[in-house]
Amino acid sequence: MLDKRAQILLKTLIEQHIYDGQPVGSRTLSQSSGLDLSPASIRNTMKDLEDLGFITSPHTSAGRIPTQLGYRLFVDSLLTVKPLDEKIISSLKDQMNIGDNKKIINNAADILSTLTHFAGVVLIPKAKKTTFKHLEFIGLSEKKILVIIVTNDGNVQNRIVMTEKHYSHDDLVEAANYFNHNFSGNTFATVKDTLVDELSKMHADMIKLMTAAIEVGNDVISPESGSIVITGQNNLIQSEELAKNISSLRKIFEIFEKRTALMKLLDQSQLGEGIQIFIGNESGYSSLDECSLVTSPYETDGEIVGTLGVIGPTRMAYERVIPIVDITAKLLSNALSQH
């Protein structure tokens with residue numbers, strides 16, 4: 001345990017370094033910490049903090065910068081979180097209630113990257129929990145039909161199907177009524193299995209229409225796995241810490257491209273409650289050794305269904321990023337539950 005004086009000096013040092021990115025010297029700490037200490041006392045405390053591994057001294061400077069361990073102690077015990085302005089929260093609510101669920105999730109990722117100036121990520125739930133609620137066929141021309149599919153989570157998807165014959169309005173209504181009456185509440189995989197036994201009872205033209213609907217439905221709501229939305233990757237190029245190491249930056253973008261590792265990390269963070277912070281190598285992926293990932297799970301109707309977060313350099317303004325991630329997760333949960 002650090003004594004109060006050491007905690008205040010470490011907190012002051014990290015806040016100053018986050019602000020300007022420069023190594024922090026004893027003189028700056030003396031002026032900014034609010035402690036009535038001699039330069040010698042400050043230097044001695046800095047030496048103790050360095051020996052404990054919380055700060056380190058770059059070769060080119062007499063000042064000191066935080067280590068990963070220092071950042072960890074800072075976010076766990078010393079950080080003072082700044083609440084978001086109510087006007088900003090009200091604006092975010094408006095943005096989060098535009099469009100269907102896919103649009104809402106994309107808006108959440110955009111909000112995270114825009115407000116933090118880092119990369120915003122949202123892990124989308126696997127579609128295996130998504131079921132078909134309502135289906136409608138609309139004839140557009142003689143052999144072109146619009147299929148409208150509404151899922152249980154509020155998503156509305158449209159697909160155009162080309163057919164070999166013309167279906168009348170009554171044919172399309174009959175087919176839609178059959179689907180909605182017999183299969184509402186099921187996944188399209190279940191519908192496909194069940195419908196195989198029913199097809200023999202239908203005439204050939206209706207079989208083709210039903211088969212087309214199943215194929216469209218599988219494409220819309222039954223992908224093999226969940227996916228991830230990433231926005232603001234280019235913000236990281238503007239980060240002084242990351243931009244000066246091209247090799248490290250390339251590795252970060254590789255993890256964005258491959259996505260699998262990032263999806264596993266976000267999936268893992270759902271196991272914890274509330275805000276989770278991975279600093280440097282805590283993520284378990286060497287590509288993110290110079291980054292921090294701040295995440296929070298989000299819910300639909302009280303059930304955790306995904307995770308969102310921000311990826312940026314370890315020198316980030318945690319007191320700002322944490323409430324942004326927290327509020328965005330809560331607003332996304334509310335928006336999805338209302339839909």
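First, a word on scope: everything that follows refers to the structure included in this document. (Residues numbered from 1 in each chain as written. Predicted model: local features only at pLDDT ≥ 70, side-chain atom pairs only at ≥ 80, totals over all residues. Heavy atoms only, no water.)

1. Remarks on the overall build of the protein chain
Right, so step 1: Regarding its fold elements, the protein chain presents 13 helices and 10 strands.
Right, so step 2: Within the protein chain, counting contacts between residues at least 6 apart in sequence, those at least 24 apart form 60% of the total.
Right, so step 3: As presented, the protein chain carries roughly 17400 Å² of accessible surface, and 49% of it is formed by carbon and sulfur atoms. (Helix = DSSP H or I, 4+ residues; strand = E, 2+ residues; numbered from the N terminus. Contact = heavy atoms within 4.5 Å. Areas by Shrake-Rupley, 256 points an atom, 1.4 Å probe, with all protein chains shown as cover.)

2. Brief notes about the packing of aromatic side chains
Right, so step 1: By the definition in use, this model includes 4 aromatic pairs.
Right, so step 2: Pairing Tyr-178 with Phe-183 gives two aromatic rings, centres 5.9 Å apart and planes at 70°, and the pair type is edge-to-face.
Right, so step 3: Judged by relative accessible area, Phe-183 falls into the buried class, the value being 4%.
Right, so step 4: Between Phe-253 and Phe-256 the ring centres are 5.9 Å apart and the planes differ by 85°, which places this aromatic pair in the edge-to-face class. Taken together, the residues Phe-253 and Phe-256, both in helix H11 (residues 246–258) and 3 residues apart, mark about one turn of the helix.
Right, so step 5: Accessibility expressed as a relative area gives 3% for Phe-256, which makes it buried.
Right, so step 6: In textbook terms, an aromatic cluster arises when at least three aromatic residues are bridged by ring pairs, as seen for Tyr-178, Phe-179 and Phe-183.
Right, so step 7: The ring of Tyr-167 has Lys-165 lying over it, and the distance from NZ or CZ to the ring centre is 4.4 Å. (Phe/Tyr/Trp six-rings, centres within 6.5 Å; stacked < 30°, edge-to-face > 60°. Buried < 20%, exposed > 50% of the residue type's maximum accessible area, 1.4 Å probe, protein only. Lys NZ or Arg CZ within 6 Å of the ring centre and 35° of its normal.)

3. Some remarks on the side chain of Ser-26
Right, so step 1: Along the polypeptide, Ser-26 turns up in helix H2 (residues 26–32).
Right, so step 2: Relative accessible area serves as the criterion here: at 19%, Ser-26 is assigned to the buried category.
Right, so step 3: If we ignore the near neighbours within four places in the chain, the residues touching Ser-26 are Ile-42 and Arg-43.

4. A word on helix H3 (residues 39–51)
Right, so step 1: Its 13 residues give H3 an end-to-end C-alpha distance of 18 Å, which sits within 8% of 18 Å, the value for a rise of 1.5 Å per residue.
Right, so step 2: Those residues of H3 lying buried are Ile-42, Thr-45, Met-46 and Leu-49. Each buried residue of H3 lies within a common arc of 105° when the element is viewed along its axis, so the set occupies one face. Summarising the geometry of H3, the exposed residues directed more than 90 degrees from the buried face are Asn-44 and Asp-51.
Right, so step 3: Against helix H1 (4–20), H2 and strand E1 (55–56) lie the buried residues of H3.
Right, so step 4: Just downstream of H3 lies Gly-53, where phi reads positive at about 90°. (Expected span 1.5 Å × (residues − 1). Arc of directions from axis to C-beta.)

5. So, unusual backbone geometry
Right, so step 1: The residue His-117 is not glycine, and still its phi comes out positive at about 65°.
Right, so step 2: Position of His-117 relative to the elements: it lies in the loop between helix H6 (101–116) and strand E3 (119–123).
Right, so step 3: The exposure class assigned to His-117 is exposed, which follows from its relative accessible area of 55%.
Right, so step 4: Of note in the backbone geometry, Asp-301 takes a positive phi value of approximately 55° without being a glycine.
Right, so step 5: With respect to the helices and strands, Asp-301 occurs in the loop between strand E9 (291–300) and strand E10 (303–313).
Right, so step 6: For Asp-301, a relative accessible area of 62% gives the class exposed.

6. Describing a nonpolar patch on the surface
Right, so step 1: A surface patch of nonpolar side chains, about 390 Å² in accessible area, is lined by Ile-138, Leu-140, Ile-160 and Met-162.
Right, so step 2: Secondary-structure elements contributing two or more residues to the nonpolar patch are strand E4 (132–141) and strand E6 (156–162).
Right, so step 3: Mapped onto the elements, Ile-160 comes out in strand E6. (Patch = residues over 30% accessible without salt bridge, like charges linked within 9 Å, V, L, I, M, F, W, Y side chains within 5 Å. Salt bridge = Lys/Arg side-chain N within 4 Å of Asp/Glu carboxyl O.)

7. Topic: the sheet that holds strand E5 (residues 144–151)
Where strands meet in a sheet, backbone hydrogen bonds hold them as pairs that are either parallel or antiparallel.
Right, so step 1: With respect to topology, 3 strands assemble into an open sheet ordered E4-E5-E6, the strand pairing being antiparallel. Edge positions in the open sheet fall to E4 and E6, since each of these has one partner strand only. Neighbour-to-neighbour, the strand axes of the sheet open up by a mean angle of 20°, direction not taken into account.
Right, so step 2: Contacting E4 and E5, helix H7 (residues 169–183) runs over the sheet at an angle of about 170° to E4. (Pairing = 2+ DSSP bridges. Axes fitted to C-alpha atoms, helices over the stretch in contact; angles between N-to-C directions.)

8. A word on the environment of Asn-186
Right, so step 1: Structurally, Asn-186 can be placed in the loop between H7 and helix H8 (188–199).
Right, so step 2: When neighbours within four sequence positions are excluded, Asn-186 is seen to be in contact with Thr-131, Phe-132 and Val-191.

9. Quick notes on the side chain of Ser-333
Right, so step 1: Mapped onto the secondary structure, Ser-333 falls in helix H13 (residues 318–338).
Right, so step 2: A polar atom in the side chain of Ser-333 sits 2.7 Å from the backbone nitrogen of Glu-299.
Right, so step 3: With near-sequence residues (within four places) excluded, Ser-333 lies in contact with Tyr-298 and Glu-299. (Polar contact = N/O pair within 3.5 Å; in protein donor to acceptor, adjacent residues only side chain to side chain.)

10. A word on the pattern of salt bridges
Right, so step 1: In this structure the tally under the stated criterion is 7 salt bridges.
Right, so step 2: Note that Glu-241 and Arg-315 form a salt bridge whose closest N and O atoms lie 2.3 Å from each other. Here the residue Glu-241 occupies a position in helix H10 (residues 240–243), and Arg-315 occupies one in the loop between E10 and H13, the gap between them amounting to 74 residues. A single burial state applies to Glu-241 and to Arg-315, both of which are buried.
Right, so step 3: Sharing partners across several salt bridges, the network here consists of Arg-72, Asp-76 and Glu-282.

Such coordinate-based values are descriptive only and should not be taken to indicate function.
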